[in-house]
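# Residue-level structure breakdown
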Amino acid sequence: MSETARILALHAGLVALLLVLNFVLPAYPQGNLARIMVLASYAIGYNVLFGYTGLLSLGHAMFFAAGMYGMGLSMRHLGFPAGPALLAGLGAGAALSLVVGLLALRTAGVAFMIVTLMFAQAVYLAILLFGKYTRGDEGFVIPQADRVLAGIDLSDPFNRYFVALALFSFCLFSVLWLIRRPAGRVLVAIRENEERARLLGYDVFAHKLGAVVASGTISALAGAFYGLLFGYAGASFAAVQYSILPLLWVLLGGAGTIIGPFIGTLFMFYLIDLTSGLTSAYMLIAGVALVLLTLFAPQGLAGELRKRLWRWLP
Amino acid sequence: MSAADTSKPVSTSRRKALKTLAAGAGAAALPMWARFAQAQSSEPIRIGFQKHATGIGAAYGRWYDRTTQAAVKLINEAGGINGRPVEIITEDDGTDPKRGAEVVEKFATQYKTDIVFGTLFSHVVIGSAPRAGELKIPYFVVSEGHHVASGALNRWTLQPGITDVKSQVQAMAPFVKENLGKKVTMIFPDFAFGHDHRDFFSAAMKAQGGEIVGLIAIPPTETSFTRYFPKIPRETEVIYHVMVGPGVLTFVKEMGEFFGPSSPEIFGFIDSLEAVDLNSPGLEFLDGTYFWEGYPRYVQPDQTPYDRFYRAAVGLDENGAALEDPRDVATMAHMFGCWETLHVIKQGMEAADYQGPADRARLIEAVEAITDMPHSNEHPQGAKLFNGRTHQVFGPQYISKVTGGKLLVTHTAPIEDTLYPDEVDYTTQPL
C-alpha cells in the first residue's frame, strides 16, 4: 500500500468509525463526542500554527470567540438565519486573524506569545465592555428555534453529531490537504529552520501570515459551530483558559500530526470527566497525568505512534 | 416476557430466582396497604446537584452543598418524596458554562437523574439551560439572576427558591430615598451582574424621585480601587456599592481609608462581604452603614422558630457561621435558596404524583401552579409568592445596619415592593 493510500485509509477510517458510532453510542458519549469533535476542530486549527509552522500562540481563544460572537451577535441583533450567521462568524475570524497576524508577526518567539496573549485579553475585555450587546460575562442563549441549518434541527442529538462530524472531517481533510501541498511543506520548513527557508527564496512572512489566517479561521469556524450546536455564547470562551486548552490538547495528542489534536482533545475530555466523578481534586490528577505524558511521551500520543510504529503518519 | 415468546435464551441466576421467590412470598404476607406501597417504585428520587466545587464560585458551592445535604436529610427523615428516598448526585461544574452544560447532559443521560438543581452563577445557568431545555429535564436554579424572569431561558428552567436581582434592587429604592438620601453614586463591577444593578436601581430610584449623580464602573481585572474614589461627585448623599470576586475586601477597606470618619451614607449589597467575617481588621468603618441581605446573617432579637429550625438543621451559629468553626462564615444571603428550592421540588413532585422521568412535564406544570408559600420551616426566609408564568419567586428583602460588628435588620421590604410586570409567559411554550 502506498503512503498516500495508507494516510487516506487511516483518516477516512477514523471518520468512518466516528460515523458508525453515531448509530451505536448511548446518549451521553454521543453528546460528548459531538463536543469533542468541534473542540478537536479548534485544536486542528491551532495545530496549523503551532504544530506545523512552529508559532506558539497564547491567544487563540480570541479567534474561537470571534467565530462564536460573529455568529451569535448576527443572529441576536441582525436576525440572521443560521447559515449566514455561520458565515459571519467565519468572516469575523478571518478578518481578526488577518489583523492580528499583520501586527503580531512583526515579533517572534516569546514576544509573539505575549502579543497574542495581549490581543486575546483585549478581545475578552471588549466583550465585557460592550455588555449592552454581548451580555458580558453572562453571555446569551441562542434560541432553539433559530438553530436550524438547511432544514436540519441542530438541537437534535443525532443531527448535532452529524454536523459536528461534518465540521471535523472538513477541518481534518483541509489541513491534511494543506500540509501535503508545497505551501504546507514551506510551513514545516519555516518551523524547522526559518533562516534557511528564507535563504531558499520563500516569502516567510507571507507564509506565516497565511498560517495565522488559516489557523484563526478554522478556530473561528469551530467557535461558530460550538455556539450554534450547543446554544450559548459567553465571554468565558474568550478567557485565557480557552487559549491554553488547545495548546494542551495539541501537545498531548501530538503537535504536527493530523490526528493528534483529536486524540488529545478526547483524552483530556475523558480524563476530566472520569476523574471529576472520583474526587474533587481531579485537576491534580489531570496535572499529574499531563506531567507523566510530557516526561514519557514528549511528542504526544500520536507523535509516539509515529516514532515507534507508523513513521508515515502525517 | 416469557422464555416461550422469544428465541433469545433467558438466563436467570439462582440468586435472582431466590430473590424473586422471596419477594413474592413476602408480598403475599404483607397487609394490603403495604403491598400497594411496595407496588410503587422504591428507587430513590435522584437529584443532580450542579455544584460550584472549584472555580470562582467555590465558596458558595461549599455552603450550597451543606445546605442541600441538610435539607435532603430532613426530607428523607420525614419519609422522602412520594414515599421514596431522595438521593443527591453531585458533580462539579468548575463554575464554567461549558462544563456546566456537560454536567447537565451527564445528569440527564448518564446518571439519569430525575431533575437537575442548584446552580448559582448566572453564566453557568445561561450556558446550561439550553441543554436542560433540549433534554427536557427540569432545571431548578438558585441563582438570583434575572435571566429566568427576563424570558431568556426556557420552560424547563425555574427559580422557585430565591428572588431575582431585579426585584431585590427595586425594593431597596424606597428605603434609600426615604432614609439615606436622594442623590446616589453607584459603584459596581463592569460586567453583566453590575450592569443589572446599575440599570434596575437607576430606574427604581428615578421612579422614587431620587437621582443617580454618579456611576462608577470598576473593571473586573482591578485589584486596587483608590483611584476610583475621587470620582465620587461632591453632592453625593449615598454611596451604593456592590462588588464581587477576590478584590471585595480590598475594595471595602480602601473605601474606609478614603473617607475616614466623614463619609456619606453607605449602602451596599452583602454580596460585597458574603462569607467574610464583619469583624475582619479594616472593616471597622462599616459600623453604621447599611446592607441588603437576602437572609439575615445574624440571629435577630425577634428570631422566628423557622430561623431557629433552619440554623439548627444546617449547623449554623447565631452569627451565621459554622457551629464547629466560628470563623467559617456562611453564604447566608444565598444558600437558603437551596433549602427552599428542595422543598418546592418536594411539593411539586407530590402534587404531580411524580413517579419517574415520564412525569417530568407534569412536575413542571405542578410547580407552575404553586402560588403562595407561607413562612414556615420549609420557607424560613419569609412568605413567598411564586409566579408560574415567569418561573420566578418573589419574597421579602432585608435591610440591615451594621451595629457593634453585627447586622441588625432595620427594614423589611414587603413582597409588594419587589414585584414588577411579567416579561415572559413560559406556560405558552410547549413541554
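### Re the overall build of chain A
- The helix and strand tally for chain A stands at 14 helices and four strands.
- In terms of C-alpha radius of gyration, chain A reaches 19 Å, essentially the compact-globule figure of 20 Å for 314 residues.
- Counting only C-alpha atoms and orienting by the principal axes, one finds that chain A spans roughly 50 × 45 × 40 Å.
- For chain A, the proportion of its 314 residues judged to be buried stands at 49%.
- Long-range contacts, defined as pairs at least 24 residues apart, comprise 76% of the intrachain contacts of chain A with a sequence gap of at least 6.

### Structural notes on the pairing of strand β9 (residues 265–269) of chain B
All names here are of chain B.
- Of all the five residues making up β9, four are buried; the element is thus mostly covered by neighbouring parts of the structure.
- As paired strands, strand β8 (residues 238–241) and β9 are joined by four bridges and run parallel to one another. Looking at β9, one finds that Tyr240 is bridged to Phe267.
- With three bridges joining them, β9 and strand β10 (residues 290–293) adopt parallel strand pairing. Directly across from Phe267, in β10, lies its bridge partner Tyr290.

### Looking at the sheet that holds strand β1 (residues 45–51) of chain B
- One open sheet accounts for five strands, arranged β2-β1-β3-β4-β5 (chain B); its pairing is parallel. In this open sheet, the two strands that pair with only one neighbour each are β2 (86–92) and β5 (157–158) of chain B.

### As for the nonpolar core
- The biggest cluster of nonpolar side chains holds 202 residues, and the ones touching the most others in it are Val38(A), Met62(A), Phe64(A), Ala65(A), Leu229(A) and Ala238(A).
- Here this core gets 15 residues from one element, more than from any other, and that element is helix α2 (residues 27–52) of chain A.
- A domain split of this core shows at least three residues from each of domain 1 (45–163 + 334–395) and domain 2 (166–293 + 398–413) of chain B.
- The residues touching Val38(A), leaving out its near neighbours within four places in the chain, are Ala164(A), Leu167(A), Ala222(A), Phe225(A), Tyr226(A) and Leu229(A).

### Describing the sheet that holds strand β13 (residues 372–373) of chain B
Residue and element names in this part refer to chain B.
- The sheet built from three strands is open, its strands ordered β13-β14-β15 with antiparallel pairing. In this open sheet, the two edge strands, each paired with only one partner strand, are β13 and β15 (392–394).
- Across three bridges, strand β14 (residues 384–387) lies against β15 in antiparallel orientation. What sits directly across from Phe386, in β15, is Val393.

### Here's the deal with the domain arrangement of chain B
- As far as domains go, chain B holds domain 1 (45–163 + 334–395) and domain 2 (166–293 + 398–413).
- Each of domain 1 of chain B and domain 2 of chain B has a C-alpha centre, and the two are 30 Å apart.

### Focus: the interface of chain A and chain B
- Of the residues lining the interface, 23 residues belong to chain A; the matching set on chain B comes to 28 residues.
- At the level of elements, α2 and β1 (140–141) of chain A are the ones that each hand at least two residues to the side of chain A that touches chain B.
- Ranked by residues supplied to the side of chain A that touches chain B, first place goes to α2(A) with four residues.
- Within the side of chain A that touches chain B, the residues separate by chemical class into eight nonpolar, eleven polar and four charged.

### Describing α2(A)
Residues and elements named next belong to chain A.
- Helix length check: α2 (26 residues) gives 35 Å between terminal C-alpha atoms against 38 Å at 1.5 Å per residue, within 8%.
- At Tyr46, α2 shows its largest kink, close to 40°.
- Most of α2 is tucked away, with 22 of its 26 residues classed as buried.

### Examining the environment of Ala222(A)
Residues and elements named next belong to chain A.
- When you line up the elements, Ala222 lands in helix α10 (residues 204–230).
- Taking the C-alpha atoms as reference points, Ala222 and Phe173, separated by 49 residues in sequence, lie 15 Å from one another.
- With residues near it in sequence (within four places) discarded, Ala222 still touches Val38, Ser41, Tyr42, Gly45, Phe64 and Gly67.

### Quick word on the packing of helix α12 (residues 260–276) of chain A against helix α13 (residues 282–296) of chain A
Residue and element names in this part refer to chain A.
- Running from amino to carboxyl end, α12 crosses α13 at an angle of 140°, the nearest separation of the two axes being 9 Å. It follows that α12 is oblique to α13 by the angle criterion. Seen from above, α12 lies across α13 with right-handed handedness. Across the interface between the two elements, Leu271, Ile272, Thr275 and Ser276 from α12 touch Tyr282, Ile285, Ala286 and Ala289 from α13.
- In terms of residue class, the contact of α12 with α13 is built from six nonpolar, two polar and no charged.

### As for the packing of helix α3 (residues 61–78) of chain A against helix α5 (residues 110–129) of chain A
- Contact geometry of α3(A) with α5(A) gives a least axis separation of 8 Å together with a crossing angle of 35°. In this structure, α3(A) contributes Ala61(A), Met62(A), Ala65(A) and Tyr69(A) to the contact, and α5(A) contributes Phe119(A), Ala120(A), Val123(A) and Ile127(A).

### Quick notes on α13(A)
- Relative to the 21 Å expected for 15 residues at 1.5 Å per residue, α13(A) spans 21 Å between its end C-alpha atoms, a close match to the ideal helical length.
- Counting buried residues along α13(A), only one of its 15 residues qualify, which leaves the element largely exposed.

### Description of the confidence of the model for chain B
Residues and elements named next belong to chain B.
- For chain B, per-residue confidence averages 88 on the pLDDT scale, and 90% of positions sit at 70 or higher.
- Mean pLDDT across the elements of chain B ranges from a minimum in helix α2 (residues 32–39), with 40, to a maximum in strand β4 (residues 139–140), with 98.
- The low-confidence segment residues 1–14 (pLDDT under 50) makes three contacts with residues lying over four places distant or belonging to another chain.
- Overall, residues 23–39 carries pLDDT values under 50, and its contacts beyond four positions in sequence, including any with other chains, amount to five contacts.
- Taken together, the chains of this predicted complex give a pTM of 0.88 and an interface ipTM of 0.88.

Criteria and cut-off values
- Residues numbered from 1 in each chain as written.
- Chains lettered and ligands numbered in written order.
- Predicted model: local features only at pLDDT ≥ 70, side-chain atom pairs only at ≥ 80, totals over all residues.
- Helix = DSSP H or I, 4+ residues; strand = E, 2+ residues; numbered from the N terminus.
- Rg over C-alpha atoms; globule rule 2.2 N^0.38 Å.
- Buried ≥ 20, exposed ≤ 12 C-beta atoms within 10 Å, placed from the backbone.
- Contact = placed C-beta atoms within 7 Å.
- Pairing = 2+ DSSP bridges.
- Core = buried A, V, L, I, M, F, W, Y, C linked by C-beta atoms within 7 Å.
- Domains from an automatic or database assignment.
- Nonpolar A, V, L, I, M, F, W, Y, C, P; charged D, E, K, R; others polar.
- Expected span 1.5 Å × (residues − 1).
- Bend = angle between axes of the 7 residues up to and from the residue.
- Axes fitted to C-alpha atoms, helices over the stretch in contact; angles between N-to-C directions.
- Parallel < 35°, antiparallel > 145°, perpendicular 65-115°, else oblique.
- Left-handed = near helix turned anticlockwise from the far one by under 90°.
- pLDDT = per-residue confidence, 0-100.

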